[in-house]
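# Chains, contacts and geometry: an overview
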Amino acid sequence: MPAPGAAEQPAATGVGRHSLTRHLLLWSLGALVLVWASFVFMGYRAGVHEADELTDGHLASVAALVINLRASEAVEAPVTTQRTPMPWLKSHDYQQSISVVQWDAGGRVLAQSGSAPLPVFAVSEGFADLRLGPQAVAWRSFSQWDAAKTRKVMVLLELRERDELAQDIAEQMVEPGLWLLPVVALALGLALRRGLRPLYALSADVAALDPASSQRLASRHAWTEFESVVVSINTLLDRQHDALVRERRLANEVAHELRTPLSSIALQASALAGALDPQAQAQAVARIGQDALRAGHVLNQLLALARASRAQLHEAKAPVDLAAVARAVCADYAQAAWQRGGDLALEAPDTLELAGHAVLLDLALRNLVENALKHTPQGTRISVQIGRSDTGAAWLQVCDDGGWLLAAAGNARGARPVDSLHLGHEIVLRVAQMHGGAFGAVAAPAPFTTCYRLDFPPPAAAAAG
């Protein structure tokens, strides 16, 4: 049974993975072997063909030479002139045993030399393959008459010697190719390994990167093919580093924000355990309720942040009617605005469609409206405004006139906001980024004093993104 957490361990390095060097080498060698085999085959065939033509030409040359030598009388085979033995002569690759036969016009043998059995006189002129002797040995022959048709000459060569010569010449032609393949394969492997050395260096540097640090890929990978890869990796590292810094800061602030109300709740609960008068008990209970709501609000905002990130990963964009989303949100919060002595208005066209996540847009708009309701004094007017710019880009903003009311009441600071971490704005910012847009405070149109706006990209830019 594996130890706890064993399933989270990464797979062993190299298991189930393929080497790019081996892949390139195999494909290169495969193409090389195919071309090499084709040329070796053609070279071998060419060698055999040329050797055959060489032998046939030799037979024809001997016949042309012998036809001009007059044989005065017939010579019987047992008394033919024998040559002096030369054992070393056959050691030469191209030394062949040629036999010559001469006939007169009547078919009488005038002369015969060589080891070939006597062929028949009726063989037609030209080249022919004959079977001679009791063992029917194959011979290659060339026969020719003189111009007066008084003498006929036949030159013969054993076909085995002819084929051995052809094979020897062909092997000599392809032998350099046989040595070429392993040498080229070795050189190609070394060249590929040397040529891919920058890729190995880049891979080692990427493997050594620590995402938690500010380390970046060095500029020593100054190769055109790697430029976009290095820039992309560094950009991703910068974004991840910024995200880590932001998440750490947010985590620290959340921990501090939750520690304050939780400590207050613990303190008030301890006080309730003691002897308190009824008024102090009521104040302690009320304080516990306020702190609990404050902690719950922070947790709800954190859950909304997690929901926004999850929606970006698992949900695809679809056409959304932003005006319909705004009408639904305003209808839900109209009663809360009326109870505070203010009002909640909507300025929007009948329909305004854009490609996005309906759940996230609803979440962003609700956070803006909730912030306007919770961070402004009683009687504040809130306006939700939606429209399109000249470029066709949609925008959404939430404005209020709470600043005038605070100034009129002589309380410039106002009450301490419940969302001191601005988690609501963090949620809206992430929703804007997921849609390729921007979020921030803008100059408020009269008669409003505060305005937060969410801008979306034009339809063409959104489609390209």
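Criteria and thresholds
Residues numbered from 1 in each chain as written. Predicted model: local features only at pLDDT ≥ 70, side-chain atom pairs only at ≥ 80, totals over all residues. Heavy atoms only, no water. Helix = DSSP H or I, 4+ residues; strand = E, 2+ residues; numbered from the N terminus. Buried < 20%, exposed > 50% of the residue type's maximum accessible area, 1.4 Å probe, protein only. Areas by Shrake-Rupley, 256 points an atom, 1.4 Å probe, with all protein chains shown as cover. UniProt positions renumbered as here; feature names shortened; annotations may be inferred. Salt bridge = Lys/Arg side-chain N within 4 Å of Asp/Glu carboxyl O. Disulfide = S-S within 2.5 Å. Expected span 1.5 Å × (residues − 1). Arc of directions from axis to C-beta. pLDDT = per-residue confidence, 0-100. Contact = heavy atoms within 4.5 Å. Core = buried A, V, L, I, M, F, W, Y, C linked by side-chain atoms within 4.5 Å. Pairing = 2+ DSSP bridges. Axes fitted to C-alpha atoms, helices over the stretch in contact; angles between N-to-C directions. Phe/Tyr/Trp six-rings, centres within 6.5 Å; stacked < 30°, edge-to-face > 60°.

## A short note on the overall build of the protein
From N to C terminus, the protein includes 10 helices and 12 strands. Taking all 465 residues of the protein together, 33% fall into the buried category. Accessible surface for the protein amounts to roughly 28,400 Å². Of this, 60% is attributable to carbon and sulfur atoms.

## Points about the UniProt feature "transmembrane region" (unreviewed entry) in the protein
With numbering aligned to this structure, UniProt lists the feature "transmembrane region" (unreviewed entry) at residues 24–44. Helix makes up 100% of residues 24–44 and strand 0%, with an end-to-end C-alpha separation of 30 Å.

## As for the pattern of salt bridges
Counting across every chain of the model gives 8 salt bridges. For arginine 453, the salt bridge goes to aspartate 455, with nearest N and O atoms at 2.8 Å. Residue arginine 453 is classed as partly exposed on the basis of its relative accessible area, which comes to 21%. The partly exposed category is assigned to aspartate 455, whose relative accessible area is 29%. Here the residues in one salt-bridge network are Asp332, Asp362 and Arg366, joined through shared partners.

## Observations regarding the state of the cysteines
Counted by the stated rule, this structure contains 1 disulfide. Across the disulfide, cysteine 399 is cross-linked to cysteine 451 (sulfur-sulfur distance 2.3 Å). Separated by 52 residues along the polypeptide, cysteine 399 in strand β10 (residues 394–400) and cysteine 451 in strand β12 (residues 450–455) bring together distant segments of the chain. Both residues of the pair, cysteine 399 and cysteine 451, belong to the buried class.

## What to know about helix α3 (residues 197–208)
The terminal C-alpha atoms of α3, which comprises 12 residues, lie 17 Å apart, in line with the 16 Å expected from a rise of 1.5 Å per residue. Regarding α3, the residues found buried are Pro198, Leu202 and Asp205. An end-on view of α3 places all buried positions within 65° of arc, on one side of the element. Away from the buried face of α3 by more than 90 degrees, exposed residues Ala207 and Ala208 are located.

## A short note on the confidence of the model for the protein
Scored by pLDDT, the protein comes out at a mean of 77, with 80% of its residues at no less than 70. Predicted confidence is poor over residues 1–15, with pLDDT under 50, and the contacts of this stretch with residues over four places away or in other chains come to 0 contacts. Low confidence marks residues 412–421, where pLDDT is under 50. Its contacts with residues over four positions away, or in another chain, come to 17 contacts.

## A word on the nonpolar core
Counting 34 residues, the largest nonpolar core has Leu322, Leu344, Leu365, Val369, Val384 and Val398 as its most contacted members. Elements represented by at least two residues in this core include exactly α6 (322–339), α7 (358–374), β9 (381–388), β10 and α9 (423–434). Here this core takes 9 residues from α7, the largest share from any one element. In this structure, valine 384 is in contact with Ala326, Cys330, Leu344, Ala345, Leu346, Glu347, Leu365, Val369, Gln397 and Val398, ignoring residues within four places of it in sequence.

## A look at the sheet that holds β9
Pairing in this open sheet of 5 strands is mixed, and the strands run β7-β9-β10-β12-β11 from one edge to the other. The open sheet has two free edges, formed respectively by β7 (343–347) and β11 (438–441), since each of these has just one partner strand. On average, each strand axis in the sheet is tilted by 10° relative to the strand beside it, whichever way the strands run. Looking at chain direction, β7 and β9 are connected through 5 bridges and run parallel. Bridging from a neighbouring strand, alanine 345 pairs with serine 383 of β9. Contacts from α6 reach β7, β9 and β10, with the element oriented near 170° to β7. Each of β7, β9, β10, β11 and β12 is contacted by α7, which is oriented at about 15° to β10, the strand it contacts most.

## Digging into the pairing of strand β1 (residues 98–104)
For β1, the tally of buried residues reaches 6 of 7 residues, placing the bulk of the element in the interior. Where β1 lies against strand β5 (residues 151–158), 7 bridges are found, and the strand directions are antiparallel. Each bridged residue has a counterpart across the sheet, and for glutamine 102 the counterpart in β5 is valine 153. As paired strands, β1 and strand β2 (residues 109–113) are joined by 4 bridges and run antiparallel to one another. Bridge pairing links tryptophan 103 to valine 109 in β2.

## Observations regarding the sheet that holds β2
Judged by pairing direction, the sheet is antiparallel, and its 5 strands sit side by side in the order β2-β1-β5-β4-β3 without closing on themselves. Both outer strands of the open sheet, β2 and β3 (126–132), are each paired with one neighbouring strand and no more. Between one strand and the next, the sheet's axes are offset by a mean angle of 20°, whatever the strand orientation. Summarising the sheet, β3 and strand β4 (residues 137–145) pair through 7 bridges and their orientation is antiparallel. Each residue of the ladder has a partner; that of aspartate 129, found in β4, is arginine 140. Contacting β1, β3, β4 and β5, helix α1 (residues 20–66) runs over the sheet at an angle of about 150° to β5.

## Brief notes about the packing of aromatic side chains
Where two aromatic rings form a pair, the distance of their centres and the angle of their planes describe that pair. The tally for this structure, following the rule as stated, stands at 4 aromatic pairs. Their ring planes at 85° and their centres at 5.7 Å tell us that phenylalanine 121 and tryptophan 145 sit as a pair that is edge-to-face. In this pair, phenylalanine 121 sits in the loop between β2 and β3 while tryptophan 145 sits in strand β4, placing the two residues 24 residues apart along the sequence. According to the relative accessible area criterion, tryptophan 145 is buried, its value standing at 18%. Here the aromatic rings of phenylalanine 439 and tyrosine 452 are separated by 6.1 Å at their centres, their planes lie at 20°, and the arrangement is stacked. Within this pair, whereas phenylalanine 439 is found in strand β11, its partner tyrosine 452 is found in strand β12, the two being separated by 13 residues in sequence. Classification of phenylalanine 439 as buried rests on a relative accessible area of 17%. Among the aromatic residues, ring-to-ring pairing joins Trp103, Phe121 and Trp145 into one connected group.

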